[in-house]
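# Architecture and fold: a report
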Amino acid sequence: MRWDDITLGVLAASGCLTLLLTQISEVLSKLPQVIRAWRRVRQELRGRAVSEDDVAATDERGPQPP
C-alpha cells in the first residue's frame with residue numbers, strides 16, 4: 001500500500017463523513033416542522049379544525065388538554 005492510496009482513502013472517508021453529518025443536520029433542522037404537521041394531521045383526523053394560530057400557540061405553551 002502506498003501513501004497515495006492512504007491519502008485518497010482518508011479524503012474519501014472525510015468526504016463521506018461530512019456528507020453524512022450535513023444530511024443529519026438537515027433532517028434535524030426540519031424535525032420541528034414535521035412534528036407540528038403531524039400534530040395537525042392527528043387533530044384533523046379527530047375532527048377538530050385547527051387554525052395556524054392554535055398551532056403556534058400550542059407550540060409556545062406545549063400541548064394543552066382538549
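Structure: see above.
Residues numbered from 1 in each chain as written. Predicted model: local features only at pLDDT ≥ 70, side-chain atom pairs only at ≥ 80, totals over all residues. Heavy atoms only, no water.

## Focus on the overall build of the chain
Within the chain one finds two helices and zero strands. Classification of the 66 residues of the chain by burial places 8% in the buried group. (Helix = DSSP H or I, 4+ residues; strand = E, 2+ residues; numbered from the N terminus. Buried < 20%, exposed > 50% of the residue type's maximum accessible area, 1.4 Å probe, protein only.)

## Some remarks on a nonpolar patch on the surface
On the surface, Leu17, Leu20, Leu21, Ile24, Leu28, Leu31, Val34 and Ile35 cluster together into a nonpolar patch covering about 720 Å² of accessible area. Tracing the chain through its elements places Val34 in helix 1 (residues 3-45). (Patch = residues over 30% accessible without salt bridge, like charges linked within 9 Å, V, L, I, M, F, W, Y side chains within 5 Å. Areas by Shrake-Rupley, 256 points an atom, 1.4 Å probe, with all protein chains shown as cover. Salt bridge = Lys/Arg side-chain N within 4 Å of Asp/Glu carboxyl O.)

## Thoughts on helix 1
For helix 1, which comprises 43 residues, the first-to-last C-alpha distance of 61 Å matches the rise-based estimate of 63 Å (1.5 Å per residue) to within 8%. Along its length, helix 1 reaches its greatest deviation from straightness, about 40°, at Leu31, and the proline Pro32 lies no more than four positions downstream. (Expected span 1.5 Å × (residues − 1). Bend = angle between axes of the 7 residues up to and from the residue.)

## Quick notes on the pattern of salt bridges
Tallied over the entire structure, the rule returns one salt bridge. Note that Arg2 and Asp4 form a salt bridge whose closest N and O atoms lie 3.7 Å from each other.

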